[in-house]
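Chain by chain, the residues:
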Amino acid sequence: MAFTGNFMCTSFKKELLEAKHDFTAAGDLFLIALYTNSATFDASTTTAVFGGGNNEVADSGSYYSGGPTVANVLSNNNLTNAAPSSSGTTGFSSFTTKTFTSATITARGALIYNSQAEGGTTDTNTVCVLDFGADKTSTSGDFQIVFPANNASDALIRIA
Amino acid sequence: MFEFSVNMPKDSVLVDVKTTNKRGFTPEEIAKDCVDKIMTVSNNAHPAIREQANAFKNSMENVIVDHMKQAISSDRTTVYNALIDAGHPKLAELIRRL
């Protein structure tokens, strides 16, 4: 079991057509969960899973495990939506840099999921699987995830 | 029929993960990321324009570093006074000397 690359989840593509995801600044609350390389996710991953039994990394610093039913996850693992935009024939959106502080974490990848996709506040509908390419480790320090520039050729989410 | 493509490259590393060991990021490290977000200089740009753009980028980075250091210093003053007010003068002095 291991991360095998980046994937846009197929369920997310379907849910885009069902208007379940709002990436505007005041839109849905997207969250990120970090996992060890024992996790196995791909395009067929429809819902985020949590906790050590599912290979999520443990609480450390400002990172909290356990998913959106944990209040600290909602307030600490949240991503800030970069406003959707377009250029040429491509629509795109992304997130701003996320930093978990004072954290001792080793993670190989992440899931981004939408906690409000079904109209609730604790939903777990996946958006994409991110493979960091190698284990990344912070030790009593910062664990920072820098998303690509929000433009038509680099943005994390692009519809062409 | 209209066909949209919503995919991401499977085998590229899309996000840049940066970590630190027993410290936070320095103003210099953050400023570099900051200017990289604000400005990109095309490798295909005319050499004279590219040189000018890179010089401006370096200048911008230095300005950001300077202001970030001022912000940190100013915030330490705020923290110092909060700790003094809370009755922790030794801790306040420790923060001030960082």
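Remember, it's a predicted structure, so these values are computed and weren't measured experimentally.

Asker: Where do I start with the overall build of chain B in this structure?
Answerer: Scanning chain B from terminus to terminus reveals three helices and one strand. Moving toward the C terminus, one meets the helices and strands of chain B in the order β-α-α-α. In chain B, buried positions account for 5% of the 98 residues. The long-range share in chain B, meaning contacts at least 24 apart out of those at least 6 apart in sequence, stands at 44%.

Asker: Teacher, can you tell me more about the overall build of chain A here?
Answerer: Secondary structure assignment for chain A yields two helices and seven strands. Listed N to C, the secondary structure of chain A is β-α-β-α-β-β-β-β-β in terms of helices and strands. Principal axes of the C-alpha set define a box for chain A whose edges measure 45 × 30 × 30 Å. Put simply, chain A has 160 residues, and 46% of those count as buried.

Asker: Quick question: what am I supposed to make of the interface of chain A and chain B here?
Answerer: Interface size is commonly expressed as the accessible area that is lost once the parts come together. Counting from both sides, the interface comprises 28 residues of chain A and, opposite them, 23 residues of chain B. Broken down by element, the side of chain A that touches chain B gets its largest block of residues, 15 residues, from strand β6 (residues 125-146) of chain A. Of the residues contributing to the side of chain A that touches chain B, the split by class is 15 nonpolar, ten polar and three charged. Two elements, β6 of chain A and strand β1 (residues 16-19) of chain B, share four bridges in a ladder whose sense is antiparallel.

Asker: When you look at the sheet that holds strand β3 (residues 81-87) of chain A in this model, what are you seeing that I'm missing?
Answerer: Note on sheets: strands pair through backbone hydrogen bonds, and any given pair is parallel or antiparallel. All names here are of chain A. Taken in spatial order, the three strands of this open sheet run β3-β4-β7, and their pairing is antiparallel. Strand pairing shows two members of the sheet lacking a second neighbour, β3 and β7 (157-159), which therefore form its edges. When the angles between neighbouring strand axes are averaged without regard to direction, this sheet yields 15 degrees. One ladder, built from three bridges, connects strand β4 (residues 90-95) with β7; its direction is antiparallel. For phenylalanine 92, the partnering residue across the bridge sits in β7 and is arginine 158.

Asker: What is the right way to look at the environment of leucine 91 of chain B in this model?
Answerer: Residue and element names in this part refer to chain B. Take leucine 91: it is sitting in helix α3 (residues 89-97). Among the residues examined, leucine 91 registers 14 C-beta atoms within 10 Å and is labelled partly exposed. Along the backbone, leucine 91 and tyrosine 80 are eleven residues apart, and their C-alpha atoms lie at a distance of 8.2 Å.

Asker: Can you walk me through the environment of valine 73 of chain A in this structure?
Answerer: Residue and element names in this part refer to chain A. Mapped onto the fold, valine 73 is located in helix α2 (residues 71-76). Taking the C-alpha atoms as reference points, valine 73 and serine 38, 35 residues apart in sequence, are found 22 Å from one another. Apart from the residues lying within four places of it in its own chain, the contact partners of valine 73 are Leu31, Tyr64, Gly66, Gly67 and Pro68.

Asker: Honestly, unusual backbone geometry in this entry has me stumped. Any pointers?
Answerer: Glycine aside, negative phi is the norm for most residues, and most peptide bonds take the trans geometry. Residue and element names in this part refer to chain A. The phi angle at alanine 19 is positive, at roughly 55 degrees, despite the residue not being glycine. Structurally, alanine 19 can be placed in the loop between α1 (10-17) and β2 (30-35). Phi at serine 102 takes a positive value of approximately 50 degrees, unusual for a residue other than glycine.

Asker: Explanation requested: the nonpolar core in the structure shown.
Answerer: When a protein is soluble and globular, its nonpolar side chains tend to lie buried together. Residue and element names in this part refer to chain A. Within the largest apolar cluster, 44 residues are counted, with the highest numbers of intra-cluster contacts made by Ala33, Leu34, Ala110, Ile112 and Cys128. At the level of elements, β1 (7-8), β2, β4, β5 (98-114) and β6 are the ones that each hand at least two residues to this core. Per-element accounting of this core gives the leading share, eight residues, to β5. When sequence neighbours within four positions are dropped, the list of residues in contact with leucine 34 reads Glu56, Val57, Tyr63, Ile105, Ala107 and Ala110.

Asker: It is not clear to me how the packing of helix α1 (residues 27-38) of chain B against helix α2 (residues 47-85) of chain B should be interpreted in this structure. Could you clarify?
Answerer: Residue and element names in this part refer to chain B. At a minimum axis distance of 9 Å, the contact between α1 and α2 shows a crossing angle of 135 degrees. If you check the angle between α1 and α2, you find them oblique. Crossing geometry of α1 relative to α2 is assigned as right-handed. On α2, the residues that touch Pro27, Glu28, Ile30, Ala31, Lys32, Cys34 and Val35 of α1 are Lys57, Met60, Glu61, Ile64, Val65, Met68, Lys69 and Ile72.

Asker: Can you walk me through the packing of α2 of chain B against α3 of chain B in this structure?
Answerer: Axis angle and axis distance: for two packed helices, these are the angle between their axes and the distance between the axes, and together they describe the pair. All names here are of chain B. As a packed pair, α2 and α3 sit with axes 8 Å apart at the nearest point and diverge in direction by 170 degrees. As the angle between them shows, α2 and α3 are arranged roughly antiparallel. Residues Arg76, Val79, Tyr80, Leu83 and Ile84 of α2 form the contact with α3, whose participating residues are Pro89, Leu91, Ala92, Ile95 and Arg96. Per-class residue counts for the contact of α2 with α3 are eight nonpolar, no polar and two charged.

Thresholds applied
Residues numbered from 1 in each chain as written. Chains lettered and ligands numbered in written order. Predicted model: local features only at pLDDT ≥ 70, side-chain atom pairs only at ≥ 80, totals over all residues. Helix = DSSP H or I, 4+ residues; strand = E, 2+ residues; numbered from the N terminus. Buried ≥ 20, exposed ≤ 12 C-beta atoms within 10 Å, placed from the backbone. Contact = placed C-beta atoms within 7 Å. Nonpolar A, V, L, I, M, F, W, Y, C, P; charged D, E, K, R; others polar. Pairing = 2+ DSSP bridges. Axes fitted to C-alpha atoms, helices over the stretch in contact; angles between N-to-C directions. Core = buried A, V, L, I, M, F, W, Y, C linked by C-beta atoms within 7 Å. Parallel < 35°, antiparallel > 145°, perpendicular 65-115°, else oblique. Left-handed = near helix turned anticlockwise from the far one by under 90°.

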